[in-house]
Amino acid sequence: MTASDLSFMPATELAGLIRTKKLSPVDLTCAVLDRIGRINPIVNAFCAVTADAAVAAAREAEQAVMKGPVRGPLHGIPFSIKDLLYTKGVRTMSGSFIFEHRVPDVDPPVVRRLKQAGGVMLGKTTTPEFGWKGLGDSPLTGITRNPWNTDMTTGGSSAGAGAAAAAGLGPIHQGSDGAGSIRIPSGFCGIYGLKPSFGRVPMWPTSNNDYASHLGPMTRTVADAALMLSVMAGPDDWDRTSLEAVPDDYVEKLDAGIKGLKVAFSTDLGGFPVDAEVAAVVKQAVRAFEDLGCVVEEVKPTFADSHDLIRCLWSAHEAGNYAQYLGEWRNRMDPGLVACIEDGQHYSMVDYVEARGEKLAYWDSVRPLFEKFDLLLTPTLSVAAFPVGRLNPAHWPQHPWDWIRWASFSYPFNFTGQPAASVPAGFTPAGLPVGLQIVGRRFADLTVLQASAAFESARPWAQRRPALD
């Protein structure tokens, strides 16, 4: 087995080899770190690699497995954390010069749980400044590049996690999603990403964006995401919005199948523009659900118009959270973020409260579809990955900060808090990945995982690797 094979092997297989003492956690960690050393200069997925700490943790894991039972389901498995999430003793820069030297003194619940389950932290993955956009560049950490074509964007804001998973820089990666930030890079990078139900995974500090952000797994296989979510999920008093319910058994129930489910399908959610090459791949992928025994129906959703709503809420939240830094840091901040903040400052308190009311009412336009259907299938994105350095594709409308138009399939389900995943559906003629979004009913994370696993079994993708070696 080569070091490259180890780096691309699913966590579910690695965990079995470690448990049976057929694989050393140290050998695994060193193989992944070696690959990061070779590939990260090309894709820029990691903004901080904690190699010494990772090897030390791997040695401890190796000693533990030789002496007795493993500590948890991730014993000896490498993982990464997005640079927006705090990490004890490791810089958390949020992709910004403002926090270039910030070193938290505490791990939030998710990091704590991944470590307690035996995971080995590799370091921090890149994000645009404060995760403000669905792209993969930051004024501090530079451009993160798509492993399938390094001239192209990874998407964001979980940019480094998407690139790392696709490039074989470890099996499991933590992402976060406030308007598509797990699903966008998953779609562009050809990996699996799940935004669980809001509150399923506790978040601390809680994002100040009106309960829009979700934490979730980004992996190459659905089984790895189920394994990672089983560790991440569950209530925690640090996050008073976390769901009280104990998570389902995502691992054991993953392969139950989806025969008989009622599945809705829409290529445009009632009016969003979609590039023809993306729509063609998605339509072909949807056929798999019929073969899997689902009742599939193409629908024309009548969701409330949300074009102005998301732009008000997005820019108002950026202004409320970061306008305080403009006086000192404007010239070192992302110009698009500055423009977004300045637009957000134009809204009054009345405007914001009215918009928040519209957001709360938005569910009433979405709910009827899910009273009839178990799942909704859409494109993950309107476009395939486009060149780095752009906010919008060249053939789409341009704007100083508004990138949302080509990612409009994502944010509606941040509004509603439903579980939504991006699964690799195929490739464009240019060889760029296309994602299929699978949206479930409220709290039906297991159903989304099962549907994803069934699709993966019918249309496997993980054996295909980008040509980086």
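Refer to the structure printed above.
Values in this document were obtained by computation on a predicted structure and should not be read as measured data.

A. Main features of the sheet that holds strand E13 (residues 375–379). Pairing within the open sheet is mixed, and its 11 strands lie in the order E1-E3-E2-E8-E10-E9-E14-E15-E13-E11-E12. If you trace the sheet from one side to the other, it starts and ends with strand E1 (46–49) and strand E12 (295–298), each paired once. On average, each strand axis in the sheet is inclined to that of its neighbour by 25 degrees, with strand direction left out of account. By the bridge criterion, four bridges tie strand E11 (residues 262–265) to E12 in an arrangement that is parallel. Bridge assignment links valine 263 to a residue of E12, and that residue is valine 296. Contacting E11, E12, E13, strand E14 (420–427) and strand E15 (433–440), helix H9 (residues 276–291) crosses the sheet at an angle of about 50 degrees to E15.

B. Geometry of the pairing of E15. Of all eight residues that make up E15, eight are buried, and the element is covered over most of its length. Across the two faces of E15 the burial is the same, with Pro433, Gly435, Gln437 and Val439 and Val434, Leu436, Ile438 and Gly440 all buried. Bridge analysis of E13 against E15 gives five bridges, and the strand direction is antiparallel. Bridge pairing in E15 places threonine 378 opposite glutamine 437. Of the pairings in the sheet, the one linking E14 to E15 comprises seven bridges and is antiparallel in character. By the bridge assignment, valine 423 is partnered in E15 with leucine 436. The loop that links E14 with its antiparallel partner E15 comprises five residues; one of these, glycine 431, has a positive phi angle of about 85 degrees.

C. A look at the pairing of E13. By the criterion of burial, E13 is predominantly enclosed, with five of the five residues buried. For E11 and E13, the ladder comprises three bridges, and the chain directions are parallel. Residue valine 263 lies in a different strand from E13, and its bridge partner there is leucine 375.

D. Local environment of the side chain of aspartate 236. Mapping aspartate 236 onto the fold places it in the loop between helix H8 (222–232) and E11. The class for aspartate 236 is buried, based on a relative accessible area of 14%. There is a polar contact of 2.8 Å between the side chain of aspartate 236 and the backbone nitrogen of tryptophan 238. Sequence-distant contacts of aspartate 236, defined by excluding residues within four places in its chain, comprise Pro109, Arg112, Arg113, Pro202 and Ser242.

E. Summary view of helix H13 (residues 349–372). A rise of 1.5 Å per residue sets the reference length of H13, with its 24 residues, at 34 Å; its end C-alpha atoms lie 37 Å apart and thus fit the reference within 8%. Valine 366 marks the point of greatest bend in H13, at about 35 degrees, and the proline proline 368 comes within the next four residues. Where H13 is concerned, the buried positions are Ala355, Lys359, Tyr362, Ser365, Val366, Leu369 and Phe370. In this structure, the buried side of H13 is in contact with E11, helix H10 (307–322), E13, helix H14 (412–416) and E15.

F. How the structure looks around the state of the cysteines. As enumerated under the stated definition, the model contains zero disulfides in all. Here cysteine 189 stays unpaired: no disulfide links it, and the sulfur of cysteine 47, its closest cysteine neighbor, is 16 Å away. Cysteine 312 takes part in no disulfide bond, and the closest cysteine sulfur to it belongs to cysteine 340, at a distance of 11 Å. By relative accessible area, which is 5% here, cysteine 312 ends up buried.

G. Broad picture of the pattern of salt bridges. As enumerated under the stated definition, the model contains 22 salt bridges in all. Close ionic contact of aspartate 364 with arginine 367 constitutes a salt bridge, the shortest N to O distance being 3.2 Å. Of the two residues, aspartate 364 and arginine 367 both sit in helix H13, three residues apart, roughly one turn of that helix. For aspartate 364, a relative accessible area of 44% translates into the label partly exposed.

H. Representation of the packing of aromatic side chains within the structure. A full pass over the atoms with the stated rule returns 20 aromatic pairs. When the ring of phenylalanine 188 is compared with that of tryptophan 406, the centres are 5.7 Å apart and the planes differ by 25 degrees; the resulting orientation is stacked. Note that phenylalanine 188 is positioned in helix H7 (residues 183–189) and tryptophan 406 in the loop between E13 and H14, a separation of 218 residues in sequence. With respect to class, phenylalanine 188 is no different from tryptophan 406; both count as buried. If you follow arginine 102 out to its NZ or CZ, it ends over the ring of phenylalanine 99, 4.1 Å from the centre. The ring of phenylalanine 97 carries arginine 332 above its face, with NZ or CZ at 3.9 Å from the centroid.

I. Seen up close, the packing of H10 against helix H12 (residues 335–344). Running from N to C, H10 and H12 point in directions that differ by 100 degrees, and their axes come no closer than 7 Å. Judged on the interaxial angle alone, H12 and H10 are roughly perpendicular. Seen from H10, the contacting residues are Trp314, Ser315, Ala316, Glu318, Ala319 and Tyr322; seen from H12, they are Leu337, Cys340, Ile341, Asp343 and Gly344. Of the residues in the contact of H10 with H12, the class split is seven nonpolar, two polar and two charged.

J. Region of interest: unusual backbone geometry. Residue glycine 156 is joined to serine 157 through a cis peptide bond whose omega torsion reads 10 degrees. Secondary-structure assignment places serine 157 in the loop between strand E7 (149–153) and helix H6 (159–167). Looking along the chain, the bond that leaves tryptophan 204 and enters proline 205 is cis, with omega of -10 degrees. With respect to the helices and strands, proline 205 occurs in the loop between strand E9 (192–195) and strand E10 (214–219). Although it is not a glycine, lysine 21 adopts a positive phi angle of roughly 60 degrees. Mapped onto the secondary structure, lysine 21 falls in the loop between helix H2 (11–19) and helix H3 (25–43). Look at lysine 21 and you get partly exposed, because its relative accessible area is 49%.

Calculation criteria
- Residues numbered from 1 in each chain as written.
- Predicted model: local features only at pLDDT ≥ 70, side-chain atom pairs only at ≥ 80, totals over all residues.
- Heavy atoms only, no water.
- Pairing = 2+ DSSP bridges.
- Helix = DSSP H or I, 4+ residues; strand = E, 2+ residues; numbered from the N terminus.
- Axes fitted to C-alpha atoms, helices over the stretch in contact; angles between N-to-C directions.
- Contact = heavy atoms within 4.5 Å.
- Buried < 20%, exposed > 50% of the residue type's maximum accessible area, 1.4 Å probe, protein only.
- Polar contact = N/O pair within 3.5 Å; in protein donor to acceptor, adjacent residues only side chain to side chain.
- Expected span 1.5 Å × (residues − 1).
- Bend = angle between axes of the 7 residues up to and from the residue.
- Disulfide = S-S within 2.5 Å.
- Salt bridge = Lys/Arg side-chain N within 4 Å of Asp/Glu carboxyl O.
- Phe/Tyr/Trp six-rings, centres within 6.5 Å; stacked < 30°, edge-to-face > 60°.
- Lys NZ or Arg CZ within 6 Å of the ring centre and 35° of its normal.
- Parallel < 35°, antiparallel > 145°, perpendicular 65-115°, else oblique.
- Nonpolar A, V, L, I, M, F, W, Y, C, P; charged D, E, K, R; others polar.

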